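Coordinate inspection notes
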Amino acid sequence: MTDALTIIKSRTSANNFDPTHVMTAAEIEELVSYAQETPTSFNQQNWRIVAVSSADRKAALKAVAYGQAKVSDAAVCFVLVGIKDGYKELGRLVKPLLEAGAIDQAAYDGWIGMANGMYAENTQLQHDEAIRSASMVAMTLMLAAQDKGLVSGAMIGFDPAGVAKEVGLGANELPVMLVSVGRAAPGNWPRKPRRAVSEQLKIV
Ligand SMILES: Cc1cc2nc3c(=O)[nH]c(=O)nc-3n(C[C@H](O)[C@H](O)[C@H](O)COP(=O)(O)O)c2cc1C
């Protein structure tokens, strides 16, 4: 395991992946288990991942991702799915904290009630939260991949309706991002320049 700051500084987007590399289900599950540590609003965990790993399904996904080679060259292309009504499951998700005595009934009721009050009638916020959560998960996934000696490439270059159909998304689900993960092939670009901190930071 490498320290977090080194991982953050060394991650870059890969375009070239070793097409012979295969990831096992256990390796894929381990990566996603790290992604699960990503925080979400009210801990609603309003996301899921479809890990596209077979050659034929990757080819089909590539066809709805403007033919981007990394979709099929990488061992796995993860489809990050945002769920718009994840808040509805908070009762079940928060219950273990209540049962363990970590929170009392009033805190439990307040938690669920506040989330329902915020999201139930606000479809814009439901949409934004789905994008927000899945995007944060994408970052955790890429950092975990980096730590495992793999490379990654995030993509929004895809036809949302095509991806939704290909991986079978429900009406309340959004295809937020594709993230290819695998072993690097030669020829990837070096780390790209960033703006000056002063351009992006204001301390008030
Ligand atoms: C949300 C998002 C969408 C992206 N979409 C694509 C894409 O469709 N195709 C692609 O080649 N790169 C895509 N990229 C990669 C970016 O171009 C890349 O992250 C950016 O140039 C910074 O480079 P770095 O990741 O190496 O630091 C995307 C990155 C992000 C975060």
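Residues numbered from 1 in each chain as written. Predicted model: local features only at pLDDT ≥ 70, side-chain atom pairs only at ≥ 80, totals over all residues. Heavy atoms only, no water.

The next thing to look at is the environment of T24. For T24, the position within the fold is in the loop between helix 1 (4-10) and helix 2 (25-35). With 51 residues separating them along the chain, T24 and A75 place their C-alpha atoms 9.3 Å apart. (Helix = DSSP H or I, 4+ residues; strand = E, 2+ residues; numbered from the N terminus.)

Time to look at the packing of aromatic side chains. Enumeration over the complete set of coordinates arrives at 2 aromatic pairs. When the centroid spacing of 6.2 Å and the interplanar angle of 80 degrees are considered together, the rings of F42 and Y119 count as edge-to-face. Residue F42 is located in the loop between helix 2 and strand 1 (47-52), and its partner Y119 is located in helix 6 (residues 105-119); the two are separated by 77 residues in the primary sequence. On the basis of relative accessible area, Y119 is assigned to the buried category, the value being 1%. (Phe/Tyr/Trp six-rings, centres within 6.5 Å; stacked < 30°, edge-to-face > 60°. Buried < 20%, exposed > 50% of the residue type's maximum accessible area, 1.4 Å probe, protein only.)

Attention shifts here to unusual backbone geometry. Unusually for a residue other than glycine, F42 sits at a positive phi of about 60 degrees. Unlike most non-glycine residues, N43 shows phi in positive territory, near 60 degrees. Examined against the element boundaries, N43 turns out to sit in the loop between helix 2 and strand 1.

Turning our attention to the site of the ligand. Close to the ligand lie R11, T12, S13, Q68, K70, A154, M155, I156, G157, M177, K192 and R194, which account for all nearby residues. At 2.9 Å, a side-chain N or O of Q68 approaches a nitrogen atom of the ligand. Between the ligand and the protein, one listed contact pairs an oxygen atom with a side-chain N or O atom of K192 at 2.6 Å. Each residue belonging to the shell around the ligand can be placed in one class, and the counts come to 4 nonpolar, 4 polar and 4 charged. (Near = heavy atom within 4 Å. Polar contact = N/O pair within 3.5 Å; in protein donor to acceptor, adjacent residues only side chain to side chain. Nonpolar A, V, L, I, M, F, W, Y, C, P; charged D, E, K, R; others polar.)

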